[in-house]
Amino acid sequence: MSEEKINKPPHWLNHKPIVSVDYPKQCKFAGDARFLTLGRSTWDKDSYSAKIWRWVETKKGERWSRQSEEIPLWRLLDLATLFLATALGKESGLSEQVLDENEKACLDSFISENMDLYRPRIDALMQVLSGQEMVEDCSDGSPNLFSFATSELSQDAVLAYILQWSDVKNKNTNPQMHALGQALLRCMLGDYQRPIENVVVGRQMSNIDIYAEVNDDVFLIIEDKTNTTIHSNQLERYKEFAENRYKGMRQVKMAYVKTGNEPKQILEKVKNAGYRAVLRQDLLKVLNQYAGAHPMIAEYRAYLQNIEDRTQSYKTIPVKDWDKNSFCWQGLYKSLENKIERFSWNHVHNQTGGFWCATFKWLEIPDGGIYLQMGEGKLSFKIEYWGPKKKSHERNRLYWELDKLAKSKSLAVSKPARFGSGEHMTFMEVSCSDLYGNGLVDEMDLVNKLNMYEQILEELAQNVV
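What counts as what
Residues numbered from 1 in each chain as written. Predicted model: local features only at pLDDT ≥ 70, side-chain atom pairs only at ≥ 80, totals over all residues. Heavy atoms only, no water. Core = buried A, V, L, I, M, F, W, Y, C linked by side-chain atoms within 4.5 Å. Buried < 20%, exposed > 50% of the residue type's maximum accessible area, 1.4 Å probe, protein only. Helix = DSSP H or I, 4+ residues; strand = E, 2+ residues; numbered from the N terminus. Contact = heavy atoms within 4.5 Å. Expected span 1.5 Å × (residues − 1). Polar contact = N/O pair within 3.5 Å; in protein donor to acceptor, adjacent residues only side chain to side chain. Phe/Tyr/Trp six-rings, centres within 6.5 Å; stacked < 30°, edge-to-face > 60°. Lys NZ or Arg CZ within 6 Å of the ring centre and 35° of its normal. Pairing = 2+ DSSP bridges. Axes fitted to C-alpha atoms, helices over the stretch in contact; angles between N-to-C directions. Salt bridge = Lys/Arg side-chain N within 4 Å of Asp/Glu carboxyl O. pLDDT = per-residue confidence, 0-100. Patch = residues over 30% accessible without salt bridge, like charges linked within 9 Å, V, L, I, M, F, W, Y side chains within 5 Å. Areas by Shrake-Rupley, 256 points an atom, 1.4 Å probe, with all protein chains shown as cover. Arc of directions from axis to C-beta.

Peer 1: Could you give me a rundown of the nonpolar core, with the residues and numbers involved?
Peer 2: Counting 45 residues, the largest nonpolar core has L332, I370, M374 and F427 as its most contacted members. Of all elements in the fold, only α13 (327-336), β12 (355-365), β13 (368-375), β14 (378-385), α14 (391-408), β15 (424-430), α15 (432-436) and α16 (443-463) reach the threshold of two or more residues within this core. Residue contributions to this core peak at 8 residues, all from α16. When sequence neighbours within four positions are dropped, the list of residues in contact with L332 reads Y314, W322, Y436, V441, E443 and L446. Counting residues in each nonpolar core, the second largest holds 38 residues, with L159, V214, Y300 and Y303 among its members.

Set out below in structure tokens:
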């Protein structure tokens, strides 16, 4: 088979690919699945379908497998809905029936154990779907407009409204709103001395959330996020569009606004794309300068301040009282990401509503890796394995090796309540009380413990090579 035939999905067969994903480049568990495609269907040239192209070795040589699956687009969505509902413990609306309760319990357990594999895919899907934000109530108990207007579209409107006040023609209409608009625009630009005269603000130009033509020389892109995050190279696409459109006419500047909590590794990607990160704390500094009486501005400021206060509340609330979906975990993880190397965190979706999870210290072992995971109060030692041996054998081997190491160093570790059998498996745990104690979190003590467990993981990785 020629390189051309295997490096591109087949175009000479009945299914005619239009959109294609080189699957092994996107997923190390791709196996014999070579491409994912959307294209014209096999059964009707006027219809479209999704297909998984499989490449196999046979006695007669290598070829595209007859086991390559093709499915109508609408049926693909139904199947995805069924899986998501099952994974998140909800009903899909498809009137599904449980045919075997014992097997259903095993299925639920398997999905839970492999959520590390499913989580980024569920997150990516939720980010693509409009309005699928993970939102928590951020009011302080009194009615607040922004506890109801939680979407990014609502925030787009508020920010665009404030920015339009920065135009000099609005100075005499409302001097305080004009000053607020100018302060916000300078914050977005990252230039606090720039004179601002003429400003035209708009929304949804080539999917850009908010844009501003400033004076005669600047075009500002604003990508606005509340609780979702970047996806699909959108930052690069917006930048390319603007630079092509305004080439030789305006300098393109870019701002990334985030009012929820964003992991450090995402903000690094934002910075590398050339965008200035404007975070909740930056917006509060601007809004706190406003001395006017506009009720919407007051409520927006109170809403953001409440998010900030709840994020910092991990310092004043005992760990045992943290709700697993609360801002306390986000606040702690935001602090730890500046103290622990390669520390990443996000929200894990599952049947009970999900939890905030952090992973760090990924170390390579033969045919896999081991790493540490924080979540729901526990610290877990995890293995990711994709080699030819039985997963349970590798998991058990690591458990016994770590058990010996822990005993030699008098470390408080324990066997999980049950071992999993998926791609990501916990083989040892540290309890919430052993990790955090029973009162307020002592960050210095916690970091020292985590550093100690990192060292143990390094020793373990050396022992199992």
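What follows picks up the thread again.
Peer 1: Summarise unusual backbone geometry; cite the residues concerned and give the values.
Peer 2: A positive phi angle is found at S206, which is not glycine, with a value near 50°. Residue position: S206 is located in the loop between β6 (199-205) and β7 (208-214). Residue class for S206 comes out partly exposed when judged on its relative accessible area of 40%.

Peer 1: Which residues make up helix α4 (residues 101-113), and what are the values?
Peer 2: For α4, with 13 residues, the first-to-last C-alpha span of 18 Å sits near the 18 Å given by 1.5 Å per residue. Turning to α4, its buried residues are D108, I111 and E113. Capping the start of α4, D100 holds a side-chain oxygen 3.0 Å from the backbone nitrogen of N102, two or three residues further along.

Peer 1: So what's going on with the environment of G377? Residues and values would help.
Peer 2: Mapped onto the elements of the fold, G377 is located in the loop between β13 and β14. Looking at G377, the relative accessible area reads 1%, which means it is buried. Between the C-alpha atoms of G377 and S433, which are 56 residues apart in sequence, the distance is 8.2 Å. Apart from residues lying up to four places away in sequence, G377 is in contact with W329, S431, C432, L435 and Y436.

Peer 1: Talk me through the packing of aromatic side chains; I want residue IDs and the actual numbers.
Peer 2: What the rule picks out here adds up to 15 aromatic pairs. Between Y161 and W165, the ring centres sit 6.3 Å apart and the planes meet at 85°, which makes this aromatic pair edge-to-face. Residue class for Y161 comes out partly exposed when judged on its relative accessible area of 32%. Aromatic pair Y211 and F219: ring centres 5.7 Å apart, planes at 20°, arrangement stacked. Summarising the burial analysis for this pair, Y211 and F219 share the class buried. A cation sits over an aromatic face here: K415 above Y399, 5.9 Å from the ring centre.

Peer 1: Quick rundown of the sheet that holds strand β11 (residues 344-348)? Include the residues and the values.
Peer 2: Taken in spatial order, the 5 strands of this open sheet run β11-β12-β13-β14-β15, and their pairing is antiparallel. Bordering the open sheet on either side are β11 and β15, each of which pairs with just one other strand. Sheet twist, expressed as the mean angle between neighbouring strand axes with direction ignored, is 30°.

Peer 1: Help me get a handle on the pattern of salt bridges, residues and values and all.
Peer 2: As enumerated under the stated definition, the model contains 17 salt bridges in all. The partner of R280 in a salt bridge is E308, with the nearest N and O atoms 2.8 Å apart. Residue R280 is found in helix α11 (residues 280-287), and its partner E308 is found in helix α12 (residues 295-312); the two are separated by 28 residues along the sequence. Here R280 matches E308 in class, with each residue buried. Residues joined in a network through salt bridges with shared partners are D191, R194 and D217.

Peer 1: How would you sum up the confidence of the model for the protein chain? Please name residues and give values.
Peer 2: Summarising the model, the protein chain shows a mean pLDDT of 85, and 90% of its residues fall at 70 or more. Segment residues 130-135: pLDDT under 50, and 12 contacts once partners within four positions in sequence are set aside and those in other chains are kept.

Peer 1: Can you lay out the sheet that holds strand β9 (residues 251-258) for me, pointing to particular residues and giving the numbers?
Peer 2: One open sheet accounts for 5 strands, arranged β6-β7-β8-β9-β10; its pairing is mixed. Two strands bound the open sheet, and with one partner strand each, they are β6 and β10 (276-279). Each adjacent strand pair in this sheet contributes to an overall mean axis angle of 25°, direction not counted. The sheet contact formed by β7 and strand β8 (residues 218-225) spans 5 bridges and is antiparallel. Bridging from a neighbouring strand, V214 pairs with V218 of β8. Of the strands in this sheet, β6, β7, β8 and β9 touch helix α9 (residues 234-245), which is tilted by about 160° from β8.

Peer 1: Residues and numbers for the environment of D209, please.
Peer 2: By the element assignment, D209 lies in strand β7. By relative accessible area, which is 11% here, D209 ends up buried. Taking the C-alpha atoms as reference points, D209 and V430, 221 residues apart in sequence, are found 44 Å from one another. The residues touching D209, leaving out its near neighbours within four places in the chain, are D156, G202, R203, Q204, I222, E223 and D224.

Peer 1: Mind laying out a nonpolar patch on the surface, listing which residues take part and the relevant values?
Peer 2: A contiguous nonpolar patch, built from I18, V19, L38, Y48, L73 and L76 and spanning about 500 Å² of accessible area, is present on the exposed surface. Looking at the nonpolar patch, the elements with two or more residues in it are β1 (16-22) and α3 (73-87).

Peer 1: I'd like to hear about α11, residue by residue, with values.
Peer 2: Since one α-helical turn is 3.6 residues long, residues separated by three or four positions face the same way. Within α11, burial applies to R280, L283, L284, V286 and L287. Projected down its long axis, α11 shows its buried positions confined to an angular sector of 160°, all on one face. Residues of α11 that are buried make contact with α7 (152-164), α8 (175-189), β9, β10 and α12.

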